[in-house]
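Listed below, chain by chain, are the residues.
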Amino acid sequence: MTGLLVLADGTAIEGFGFGAEGEAVGEVCFNTAMTGYQEILTDPSYAGQIVTFTFPHIGNVGTNDDDIETTNLAASAGVRGAIVKAPVTDPANYRSHRHFDKWLKVRNIVGLSGIDTRALTSLIREKGMPNGVIAHNPRGKFDLEKLRTMAAQWPGLVGMDLAKDVSLTQRMDWDEKLWDRAEGYTNAEGGDYRVVAVDYGLKRNILRCLTSAGCDVTVVPATAKAEDILAMNPDGVFLSNGPGDPAATGEYAVPEIAKLVHSGKPVFGICLGHQMLAIALGAQTHKMHQGHHGANHPVKDFTTGKVEITSMNHGFAVDRASLPPGVVETHVSLFDGSNAGIALEGRPVFSCNITPRPRPDRKTATICSGASSSR
């Protein structure tokens, strides 16, 4: 036994460590996606979390240099650890550049295999996402009491602003488009709409979606002022995904978002951006019991009457009962009935708690259309 997961209630789960050696504390969640583990582990929205994969075979297609989602490559890995069931085999994919174990070592992420991930997932579903410590020692030597104390004393994600740790620190122009099997990633030659994306923990593929939809994209840090954004004269402003408590990040971000809304410019947000936009419009957010983490979440779109299968990654949600007059609920999760989208009546201001599917066939960028649908 060379790996250990210790929860805040004292529970210790033994396994086999891989990846980086050492110990890391965070919130333990589970993700139900069957693919995309590299994108998940480089998604800044997972900062402060230890990800349990419910799909048993993780790492078997290796890793590459293209599927990194982190925008700020200078920032340390936000995710604290990865928990899988089956041992990682040698990579078997033509796009692989590096073994999963070596990739985790380079990114300083602790891995743990040999865990009954179904039992751990059931525990999280019943009791909520616990704080915990993931540890890897090749000699199997652990100070169990120290690890229990670390897990018990970690304050958790409520009240924690993590966007500042993963956001870009300076302005950046983006022109890369969605991946193509024949050509890989290509670059756009300008766009029909000028969009400013506020980086609270952006994923690169979201920027590619905007570029492929016809947008000329400029990315600004989470701390950017509304005056500076509006000085660029954008056709629309995008509020990105990100980690941590929206109320904590909102202490400096919400006043700027309110100014952007008041300007009359189209504003579109997802995930953390959605939650902070809701706060700016007068709503409240709350911590979820187990969160939504996966690629198969059914969401009802009230604007079309259709049900969409979406990707989700958030541990906080907008309180439906707190939506003020004039703010309409546009999407709802069919798993637990939690809010998944809002729109401001009569204004081109809307957001959702989901990752919209790429629609490269659409020539018009939704962010600039003023529609209330998330697509």
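Everything below is about the structure printed above this text.
Residues numbered from 1 in each chain as written. Predicted model: local features only at pLDDT ≥ 70, side-chain atom pairs only at ≥ 80, totals over all residues. Heavy atoms only, no water.

Draft legend 1. Representation of helix α8 (residues 246–263). Here α8 contains 18 residues, and its C-alpha end-to-end distance of 22 Å is more than 12% below the 26 Å for a straight helix at 1.5 Å per residue. When the local axis directions of α8 are compared, the greatest deviation, roughly 60 degrees, occurs at tyrosine 252, which is followed within four positions by the proline proline 255. Along α8, the residues that are buried comprise Pro246, Ala248, Thr249, Gly250, Ala253, Val254, Glu256, Ile257, Leu260 and Val261. Of the residues that open α8, the one with a side-chain oxygen 2.9 Å from the backbone nitrogen of alanine 247 is aspartate 245. (Helix = DSSP H or I, 4+ residues; strand = E, 2+ residues; numbered from the N terminus. Expected span 1.5 Å × (residues − 1). Bend = angle between axes of the 7 residues up to and from the residue. Buried < 20%, exposed > 50% of the residue type's maximum accessible area, 1.4 Å probe, protein only. Polar contact = N/O pair within 3.5 Å; in protein donor to acceptor, adjacent residues only side chain to side chain.)

Draft legend 2. Here's a closer look at the sheet that holds strand β10 (residues 215–221). Pairing is mixed in the open sheet, where ten strands are placed in the order β8-β10-β9-β11-β12-β17-β16-β15-β13-β14. Of all strands in the sheet, those with a lone pairing partner are β8 (172–174) and β14 (306–318), marking the two edges. The sheet shows a mean angle of 25 degrees between the axes of neighbouring strands, direction not considered. Examined bridge by bridge, strand β9 (residues 193–199) and β10 share seven bridges and lie parallel to one another. Bridging across to β10, tyrosine 193 finds its partner in cysteine 215. Of the strands in this sheet, β8, β9, β10, β11 (236–239) and β12 (267–270) are in contact with helix α6 (residues 204–212), which crosses β10 at around 145 degrees. (Pairing = 2+ DSSP bridges. Axes fitted to C-alpha atoms, helices over the stretch in contact; angles between N-to-C directions. Contact = heavy atoms within 4.5 Å.)

Draft legend 3. Spotlight on the nonpolar core. Judged by nonpolar contacts, the single largest core of 33 residues is most densely connected at Leu5, Leu41, Val51, Phe53, Ile83, Phe100 and Ile134. Listing elements by their share of this core, those giving two or more residues are β1 (3–7), β3 (22–31), α1 (37–41), β4 (49–53), β5 (81–83), α2 (100–106), β6 (110–113) and α3 (117–127). In terms of residues, this core owes the most to one element, β3, which gives four residues. Not counting residues up to four positions away in its chain, the partners in contact with phenylalanine 100 are Phe18, Tyr37, Leu41, Ile58, Gly59, Thr63 and Val88. Val196, Met276, Val327 and Leu344 belong to the second-largest nonpolar core, a separate cluster that totals 30 residues. (Core = buried A, V, L, I, M, F, W, Y, C linked by side-chain atoms within 4.5 Å.)

Draft legend 4. Here's a closer look at the pattern of salt bridges. If you walk through the whole model with that rule in mind, you get ten salt bridges. The salt bridge partner of glutamate 23 is lysine 146, with a shortest N-O separation of 2.8 Å. Pair noted here: glutamate 23 is in strand β3 and lysine 146 is in helix α4 (residues 144–153), with a separation of 123 residues, a long-range link. A relative accessible area of 37% places glutamate 23 in the partly exposed class. Relative accessible area serves as the criterion here: at 40%, lysine 146 is assigned to the partly exposed category. Salt bridges sharing partners connect three or more residues here, namely Lys225, Glu227, Glu256 and Lys259. (Salt bridge = Lys/Arg side-chain N within 4 Å of Asp/Glu carboxyl O.)

Draft legend 5. View of the side chain of threonine 218. Mapped onto the secondary structure, threonine 218 falls in strand β10. In terms of polar contacts, threonine 218 uses its side chain to reach the side chain of aspartate 173, at 3.0 Å.

Draft legend 6. Highlighting the packing of α8 against helix α9 (residues 272–280). Interhelical geometry of α8 versus α9 gives an angle of 65 degrees and a closest axis separation of 8 Å. The angle between α8 and α9 places the two elements in the roughly perpendicular class. The chirality of how α8 crosses α9 is right-handed. Facing Pro246, Ala247, Thr249, Gly250, Ala253, Val254, Ile257, Ala258 and Val261 of α8, the residues of α9 in contact are Leu272, Gln275, Met276, Leu277, Ile279 and Ala280. (Parallel < 35°, antiparallel > 145°, perpendicular 65-115°, else oblique. Left-handed = near helix turned anticlockwise from the far one by under 90°.)

Draft legend 7. Summary view of the pairing of β11. Residues Gly236 and Phe238 line one face of β11 and the alternating positions Val237 and Leu239 line the opposite face, and both faces are buried. Of the strand pairs in this sheet, β9 and β11 are connected by four bridges, and their pairing is parallel. In the sheet register, valine 195 faces β11, and the bridge partner there is glycine 236. For β11 and β12, the ladder comprises three bridges, and the chain directions are parallel.

Draft legend 8. View of the sheet that holds β3. Here we have seven strands rolled up into a closed barrel, ordered β1-β2-β6-β5-β4-β3-β7, and mixed in their pairing. Strand-to-strand, the axes of this sheet are offset by a mean angle of 35 degrees, without reference to chain direction. By the bridge criterion, three bridges tie β5 to β6 in an arrangement that is parallel. Counted as the bridge partner of glycine 81 is valine 110 from β6. Packing against the sheet, α4 makes contact with β1, β2 (12–19), β3 and β7 (131–136), and its axis sits at approximately 45 degrees to β1.

Draft legend 9. Local environment of the pairing of strand β16 (residues 339–344). For β16, the buried fraction is high: six of the six residues fall into the buried class. Bridge count between strand β15 (residues 327–333) and β16: five bridges; the pairing is antiparallel. Considered in β16, the bridge of glutamate 329 is made with isoleucine 342. From the end of β15 to the start of β16, which pair antiparallel, there are five residues, and glycine 337 there has a positive phi angle of about 75 degrees.

Draft legend 10. Main features of the packing of aromatic side chains. Following the criterion strictly, the structure yields five aromatic pairs and no others. Between phenylalanine 18 and phenylalanine 100 the ring centres are 6.0 Å apart and the planes differ by 50 degrees, which places this aromatic pair in the tilted class. Separated by 82 residues along the polypeptide, phenylalanine 18 in strand β2 and phenylalanine 100 in helix α2 bring together distant segments of the chain. Judged by relative accessible area, phenylalanine 100 falls into the buried class, the value being 0%. Between the aromatic rings of phenylalanine 100 and tryptophan 103, the centroid separation amounts to 6.1 Å while the plane-to-plane angle is 20 degrees, which identifies the pairing as stacked. Of this pair, phenylalanine 100 and tryptophan 103 both sit in helix α2, three residues apart, which is roughly one turn of the helix. Of the two residues, phenylalanine 100 and tryptophan 103, neither departs from the other in class, the shared state being buried. Above the ring of tryptophan 179, the side-chain terminus of arginine 95 is found at 4.8 Å from the ring centroid. Above the plane of the ring of phenylalanine 316 lies lysine 287, whose end atom (NZ or CZ) is 5.4 Å from the centre. (Phe/Tyr/Trp six-rings, centres within 6.5 Å; stacked < 30°, edge-to-face > 60°. Lys NZ or Arg CZ within 6 Å of the ring centre and 35° of its normal.)

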